[in-house]
Structure formats: C-alpha cells, structure tokens
Amino acid sequence: MSCTNELTRLKAVYQFQGLDTVPDQTLDDLTALAAELCQTPMALVSFIAADRQLVKSKVGITLTEIRRDLTFCNHTIRQSDVFVIPDTLADPQFATNPFVINAPNIRFYAGVPLITAGGCVLGTLCIMDFEPRDLSQKQQKGLQTISHQVIAQLELKHNTTKLRQMIPQIKQLKQQLITQELVGQQDSILFNLANQIRNSLDLDTILQTAVNEIHTLLQVDRCDFMWCLPNKNQFNFMVTHEATNPDIQMALGELSLAPGSVLAETILNLDMLRIEDVSTTSEALTPEDRVLLRQLAVTSVLLLPLRTHSGQLGAIVCHHCRGSRQWTDSEVRLLKAVTDQVAIALDQAELLAQTRATAFAAQTQATYLGNALSQLQQTQMQLIQQEKMSSLGQLVAGVAHEINNPVNFINGNIAYANNYVQDLLELLHLYQKSYPNATAAIQEKMEDMDFDFLTQDLPNLLSSMRMGAERIRQIVLSLRNFSRLDEDGMKPVDIHEGIDNTLLILKSRLQFTSAKFEIQVIKAYENLPPVDCYAGQLNQVFMNLLGNAIDALDETPNPIITIQTELISRQSGSSDREQFSHADSVVIRIRDNGSGMTETTQQKLFNPFFTTKPIGKGTGLGLSISYQIVVEKHGGILKCSSELGKGSEFWIQIPVEPLVK
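Residues numbered from 1 in each chain as written. Predicted model: local features only at pLDDT ≥ 70, side-chain atom pairs only at ≥ 80, totals over all residues. Heavy atoms only, no water.

> Would you mind going over the overall build of the protein chain with me for this structure?
When you go through the protein chain residue by residue, the secondary structure sums to 17 helices and 19 strands. Here the protein chain holds 661 residues, and the buried ones make up 44% of them. Contacts in the protein chain between residues at least 24 apart in sequence constitute 67% of all its contacts with a sequence separation of at least 6. (Helix = DSSP H or I, 4+ residues; strand = E, 2+ residues; numbered from the N terminus. Buried < 20%, exposed > 50% of the residue type's maximum accessible area, 1.4 Å probe, protein only. Contact = heavy atoms within 4.5 Å.)

If you want it as structure tokens, here you go:
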C-alpha cells in the first residue's frame, strides 16, 4: 500500500492498530531499549490517528491517548529523519504546549517516524526528558535502527494475522466442495488429500504428498510437479517432484521445451491441456513436443497449471503410458480442486518463509543493536577513563609547574638565608663582647623583641621552612608517581608504593567521615617483588576501590580499612590462580567493616553504569573500568565478597610477570 494522501495513511493505521490490544513484550523491550540507548526517562511507540495519538508501548509515562493537535509526534510524521527539539522552552512553537508547562514537563523531545515497507507513516518512536539536552549522531542512528525493528515487529504481526485470516477462507472452500451435489466418494477422498496437503507448511512435503496421492487415487502411470522458472528472456521447465510406477522411466530434471511449445504456452497462459491419445490428437502439438512425449513414453496427458501469490508458475501433470485414456470431467474437476489447494498451500509456505525471514531479520538487527550498544558502552567507558587520566595529568603538570618552581626557589635560598642569619648572629655576639654596655634605647629594643628568644628560635624557624618545602616536594613527587604519566608500557613497580601514594592523596578523606569518625588504615604488607604492570592504571584501580571503601564507611562507627598483600607462588597452589600456571602472582586485598552488600548487588557490581550511590555522586563506571584494567589489561582476577552487616572485601590478583611477553 503506497500512502499518497492522509486517508490512505489512516487506513493503514487502522489495519495495524486493530492487530490486538494486549501488551506486546517485544514492543515494550524495543521502547525500553530506545530509552536506555539515549539515556532518557521516557519513551513511546504510538500511532497517529485522525485526531489522537494512540500509545502502543511506553516507558516512564502513563498516558494512553493524546490529542493530535497537542502532540509533538504530529510534527515528527512529516519528517523523513530524526526530529529533535533540544529545549522546548527555547522553541516558540512548543514553549506554550500544555505538556511542556504542565506535567510531564517535557523539556527535550526526539522522534523518528514509523514507516511501513509500502511508505505509510503509522506513527512514531520517540524519547523525552525533563531536562534540555542533545542527541549524538550514534544515538540518532541507533534510534532509527530501533524504529526499523518496531516496524518489522508490527509487519510481522500484521502478516501473521493475514495468515490466520486465510484459514476461514480455506474452511469455506472446503465446505463448498463438500456441499457440491455431484461430489461422489472419490471426490471426498481427493478432498481429504487436498486438506492433508494444505495442512503442511513445508514446500517439499506439500509437493511430494500431492504427486504421491494423485498417482495413487487416479491410478496414473506418472504424476509430476513442474516449475516454470524465468531465465532472462525465456523460461526453464523443471520437474522437481514425481511419483511413477516401477516400470515407468522417471522424468525428473529439466525438460527441453522450445519457444512456441504447446506444453510451455499452456502453462504460461494458465490453460488446461487434456489429451486422450497423443498419437491421434488434433491438438497443434509441435514436432518438438511430440519428440519429448515420445522420449518419455507418454500416450495420454492431463496438465493443470497453477500460479502462486508471488507470481511463480507451475503445473501438475498426469501421464498415461499404456495407450489412450479418457480423462473424465469428474477427474478433471477433482484434479483442478487439488491444484487449487496446492496453490493455496504453496502460498502459505511462502508466507511462512517470508514471516520467518522477517523474524530472523528482526532478531539479527536486535543482536546487532545489542552488540552496538555494548560497544558504545565500552567506548564510553574508555573515553571517560582517558578523560580522567588526562585531567589527572593536567593537574600533576600544573602542580609541578606552579609549585615546584617556588619550592625550588625557597629550597635554594634557605641555605643562603641560614648562613646569612648565622653570620649576622655571630656579628651581634661580637658587638656584645666589644660593647657590653648597650645604650638605653638599644637595651629597650632588645627587651621589646625578646632578643634572646629570637636568636634561639630563628634557626629553628629556618629549619621548619626547609622541612615544609621538602614535604611539598614529596607530595608533588607522590602525585607524579601515582599517575605515572611518563610511563606508557609495562614496567616493574613497587605495588606498596602505589598503594601508599594513593592513601596520601586520599588522606583528607580518611581523616573525618560525615559522622566525624577518623578512618583507621591497617597495612599488612608482605615482601613483594617488583611487579610488571601498567602502574598508572593499577593506581587508578587502588583509587577506585579505596574511594568506594571510604564511601561505604561514611556512617560506620570505628571505621577500619585493612590492606593486605601477599605473594602466591607456583608451588603454594590456589583455586583462584589456575590461569597463572606460568608465573607467580601477587594478591592485594582491600577490606572494610562497612554495611556490606546484598547478593543481587554483588552480581551487578562490575556492570557498566551500575551504581548504588545517589544521583550526582557516582557514574557506575569505576568498578567496571577497574575490572577491565585488572582482567583484560593485566590478565588477572578482580572479585568481591561481601555480607550484609559485616563489610566487603575486594580481591585483586595479578601475575608478577606478564603471561604473554
């Protein structure tokens, strides 16, 4: 159906809207997938009727019908691409819309029209948000792909409904055949055959059953089914299914029917060919037809053509090979009825094949979309991680530039200042020895400034300044060691140094929780060899796990974080280290005494974008990125064990040396 006007479009909407009214899980899944892909709280699949928008599937909204003149989708169906309104309040066309200024307070809208294969716009797939935003090209492409799946699902259900609607027509035909006054016992038997053929939806079964039963019931020497196959500007005729008497040669394969052949023209024109005796017939058989029939030992022929709904041509051909045979009107009528049933059964088989192909295409597209979504999530995680490390690198570079220079200046001048002060103090002592009797003014000034304390405290003051500058230098060095921005590949590093640097950066968070408790950190370090790893990325894992532990202890009295390291050698053995059969491994265990987690939370812990933190305090990417770093980058193990009320423990296990050099 090609939509040339609004009336035609509304007819198409009526046909699809009338499929059913029960919930459709597949449409609900596609609607939810659109909301998840575009990260919006609301999504709809709806039809646009004459005066209403009819909601077919929805996420995050309760409306089932909307006045067409108020709906955003009324604009979307006039588009061929994705229709996006980044901020409804900023668009004069929509700023006063009731659904913008009142509940559900739509500030962002994006929709794509649902267009059938015939070009009819049924409605829209749309997403909405309470905040203004934009849509990336990948999200727009994904939204269009989902709309194709929605249409495929709707057309699949439409085709299935049409298939079901054919059953009453077939039953009606059966009733007509049964009620015919001239149908005898043989007619009834042959009809049962036709019903048996029609009940099968397998093409080979239909055709082989037809030729077998016709061969038996009509007692013919040979019964063939022949396809007429187009080939450029001509046709090929191929016998694909056959039933013969044991002493009769087979005719399976391609038949040579020259242009102008009476047999060929009969099939192409959908006529019937009825020859009682080939040798005496008055039919205008061509010489080539006679040669072919002679080769097949045919003496009498009854041929009935058929055409399927898709336009394919075929024929059922009955051969008699032992003299002439008179084909009765009853036989012709019955064979015609069976031919009609075969044509209907072939149409059903074709429709089923098309339905299966559509379903397979929908499944394939859904799989592709799922893979694309997973790949998008992985890419997003990598970008976020890169942005984090880039920001950290900029911070370290800024600290090194802005702090190191003045600190180096202070460090470099404190030694000189100390020498100068010592010289001045020695000079003052000489003056005191040479002139022990100070004037009244000098004596008063010395008492005001507490000269004796000043001479004792000034060296201490300079020493404190030197220690402060050295402390600042160590903090900057710790930041640089934590980020490892100057190391791209794997290098042997001290795991304990990385943990200590991370704790130094988190020192302010460890001092006081929101409940005013200081977190106690217990270190149980074993002697570990240098570990070949991506130091900066592994430090990021320590930062994520320790940061989560601090968050978990926010309301816990007497909070404690225990960090334990150990070396697992090849000889010691462990159920968790079968993959490290060629290398020793180190284990870092980070444990807290917080509230713990449920089994359901633990199962989702490493999923991208899963978080138990309030909105704005967590992205759900920290543990997913940590898992990727430990497992994929280092070939290690990252797991969690937790019990409600008893805290959580994260287990990091990586090989001392890379498994693959």
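> When you look at helix α2 (residues 25-38) in this model, what are you seeing that I'm missing?
One turn of the α-helix equals 3.6 residues, which is why residues spaced by three or four share an orientation. The terminal C-alpha atoms of α2 lie 20 Å apart, and with 14 residues this matches the ideal 20 Å at 1.5 Å per residue to within 8%. Positive backbone phi, approximately 60°, marks Gln-39, located one or two places after α2. (Expected span 1.5 Å × (residues − 1).)

> Any chance you could explain the sheet that holds strand β2 (residues 52-59) here in plain terms?
Strands belonging to one sheet form pairs held by backbone hydrogen bonds; the direction of such a pair is parallel or antiparallel. Ordered in space as β3-β2-β1-β6-β5-β4, the six strands form an open sheet in which the pairing is antiparallel. Each edge of the sheet is formed by a strand with only one pairing partner; in this case those strands are β3 (65-67) and β4 (83-85). Neighbour-to-neighbour, the strand axes of the sheet open up by a mean angle of 25°, direction not taken into account. Pairing of strand β1 (residues 42-48) with strand β6 (residues 121-129), which is carried by six bridges, proceeds in the antiparallel orientation. Bridged to Phe-47 within β6 is Gly-123. (Pairing = 2+ DSSP bridges. Axes fitted to C-alpha atoms, helices over the stretch in contact; angles between N-to-C directions.)

> Sorry if this is basic, but what is going on with the packing of helix α13 (residues 495-505) against helix α15 (residues 535-552) here?
Working note: a packed helix pair is described by the angle between its axes plus the distance between those axes. α15 packs onto α13 with a crossing angle of 45° between their chain directions and a minimal axis gap of 9 Å. Of the possible angle classes, the one that applies to α13 and α15 is oblique. The two elements α13 and α15 cross, and the hand of that crossing is right-handed. In this structure, α13 contributes Ile-495, Gly-498, Ile-499, Thr-502, Leu-503 and Ile-505 to the contact, and α15 contributes Leu-538, Asn-539, Phe-542, Met-543 and Leu-546. Class assignment of the residues belonging to the contact of α13 with α15 gives a composition of eight nonpolar, three polar and no charged. (Parallel < 35°, antiparallel > 145°, perpendicular 65-115°, else oblique. Left-handed = near helix turned anticlockwise from the far one by under 90°. Nonpolar A, V, L, I, M, F, W, Y, C, P; charged D, E, K, R; others polar.)

> Whenever I open this one, the pattern of salt bridges confuses me. Can you help?
If charged atoms from side chains of opposite charge come close, those side chains can pair. What the rule picks out here adds up to 18 salt bridges. Between Asp-51 and Arg-52 there is a salt bridge, and its shortest N-O distance comes to 3.7 Å. Judged by relative accessible area, which is 52%, Asp-51 ranks as exposed. Looking at Arg-52, the relative accessible area reads 33%, which means it is partly exposed. Between Arg-322 and Asp-221 there is a salt bridge whose closest N-O contact spans 2.5 Å. With Arg-322 in the loop between β12 (313-320) and α10 (329-434) and Asp-221 in the loop between α7 (203-217) and β7 (222-231), the pair connects residues that are 101 residues apart, well separated along the chain. According to the relative accessible area criterion, Asp-221 is buried, its value standing at 0%. (Salt bridge = Lys/Arg side-chain N within 4 Å of Asp/Glu carboxyl O.)

> Explain α13 to me, please; I cannot follow it from the model alone.
Listed in full, the buried residues belonging to α13 are Ile-495, His-496, Gly-498, Ile-499, Asn-501, Thr-502 and Leu-503. Put simply, Asp-494 is the residue that caps the front of α13, since its side-chain oxygen is 3.0 Å from the backbone nitrogen of His-496. (Polar contact = N/O pair within 3.5 Å; in protein donor to acceptor, adjacent residues only side chain to side chain.)

> Whenever I open this one, unusual backbone geometry confuses me. Can you help?
In terms of backbone geometry, most residues other than glycine have negative phi values and most peptide bonds are trans. Ala-103 connects to Pro-104 through a cis peptide bond whose omega is 10°. Its location among the elements puts Pro-104 in the loop between α4 (98-101) and β5 (108-115). Non-glycine residue Gln-219 carries a positive phi angle of around 55°. Take Gln-219: its relative accessible area is 55%, and that puts it in the exposed class. Of note, Leu-270 is a non-glycine position whose phi angle comes to about 55°, a positive value.

> Hey, could you run me through the confidence of the model for the protein chain in this one?
As a note on interpretation, predicted positions should not be read in detail where pLDDT is low. When the pLDDT values of the protein chain are averaged, the result is 81; 83% of them are 70 or greater. By mean pLDDT, the top-scoring element of the protein chain is strand β17 (residues 585-592) (94), and the lowest-scoring one is helix α6 (residues 185-198) (58). With pLDDT under 50 throughout, residues 573-582 is counted as low confidence; its partners more than four residues away or in other chains account for 25 contacts. (pLDDT = per-residue confidence, 0-100.)

> Looking at this model, I keep getting lost on the side chain of Ser-648. Mind explaining?
With respect to the element layout, Ser-648 can be found in strand β19 (residues 647-655). The exposure class of Ser-648 is buried, given its relative accessible area of 8%. Here the side chain of Ser-648 touches Ser-642 through a polar contact of 2.8 Å, side chain to side chain. Aside from chain neighbours lying at most four places away, what touches Ser-648 is Ile-590, Arg-591, Asp-592, Gly-596, Met-597, Ser-641 and Ser-642.

> Would you mind going over the packing of aromatic side chains with me for this structure?
The geometry of an aromatic ring pair is captured by two quantities: the separation of the ring centres and the angle between the planes. This model, assessed by the stated rule, comprises six aromatic pairs. Between Phe-72 and Tyr-109, the ring centres sit 5.2 Å apart and the planes meet at 20°, which makes this aromatic pair stacked. Here the residue Phe-72 occupies a position in the loop between β3 and α3 (73-76), and Tyr-109 occupies one in strand β5, the gap between them amounting to 37 residues. Taking the relative accessible area as the measure of exposure, Phe-72 reaches 4% and is therefore buried. The side chain of Arg-133 reaches across the aromatic face of Phe-108, ending 5.4 Å from its centre. The ring of Trp-651 carries the charged tip of Lys-639 above its face, separated from the ring centre by 4.8 Å. (Phe/Tyr/Trp six-rings, centres within 6.5 Å; stacked < 30°, edge-to-face > 60°. Lys NZ or Arg CZ within 6 Å of the ring centre and 35° of its normal.)

> Hey, could you run me through the side chain of Asn-245 in this one?
As for its placement among the helices and strands, Asn-245 is situated in the loop between β8 (234-244) and β9 (253-255). Asn-245 sits in the buried class, given a relative accessible area of 17%. Engagement of the side chain of Asn-245 in a polar contact is seen with the side chain of Asp-221, the distance being 2.9 Å. Contacts of Asn-245, omitting those with residues within four sequence positions, involve His-215, Val-220, Asp-221 and Arg-322.

> Is there a simple way to think about the pairing of β19 in this case?
The two faces of the sheet receive side chains in turn, since in a regular strand these alternate between them. With nine of nine residues buried, β19 is to be regarded as a mostly interior element. Of the two faces of β19, the one holding Gly-647, Glu-649, Trp-651, Gln-653 and Pro-655 and the one holding Ser-648, Phe-650, Ile-652 and Ile-654 are both buried throughout. In terms of strand pairing, β17 meets β19 through eight bridges, oriented antiparallel. Bridging across to β19, Ile-590 finds its partner in Phe-650. Inspection of the sheet shows strand β18 (residues 637-643) paired to β19 by seven bridges, in the antiparallel sense. Looking at the pairing, Lys-639 lines up with Trp-651 of β19.

> Could you clarify how one ought to interpret the nonpolar core in this entry?
Note on soluble globular proteins: their nonpolar side chains tend to be buried together. Counting 38 residues, the largest nonpolar core has Ile-495, Leu-545, Ile-561, Ile-588, Phe-650 and Ile-652 as its most contacted members. Listed by contribution, the elements that provide at least two residues to this core are α13, β15 (531-533), α15, β16 (560-568), β17, α17 (622-633), β18 and β19. Take this core: its biggest share by element is nine residues, from α15. If you look at the next biggest cluster of nonpolar residues, it comprises 29 residues, including Phe-16, Ala-35, Cys-120 and Leu-135. (Core = buried A, V, L, I, M, F, W, Y, C linked by side-chain atoms within 4.5 Å.)

> For this particular structure, what's the right way to read the sheet that holds β18?
With mixed pairing, the five strands of this open sheet are ordered in space as β14-β16-β17-β19-β18. Among the strands making up the open sheet, the edge pair consists of β14 (520-524) and β18. Averaged over all pairs of adjacent strands, the angle between strand axes in this sheet comes to 15°, irrespective of strand direction. In this fold α17 packs onto β18 and β19, with an angle of close to 135° to the strand it touches most, β18.

> Is there a simple way to think about a nonpolar patch on the surface in this case?
Taken together, the side chains of Leu-424, Leu-427, Leu-430, Tyr-431 and Tyr-435 define a hydrophobic patch exposed on the protein surface, amounting to about 580 Å² of accessible area. Accessibility expressed as a relative area gives 42% for Leu-427, which makes it partly exposed. (Patch = residues over 30% accessible without salt bridge, like charges linked within 9 Å, V, L, I, M, F, W, Y side chains within 5 Å. Areas by Shrake-Rupley, 256 points an atom, 1.4 Å probe, with all protein chains shown as cover.)

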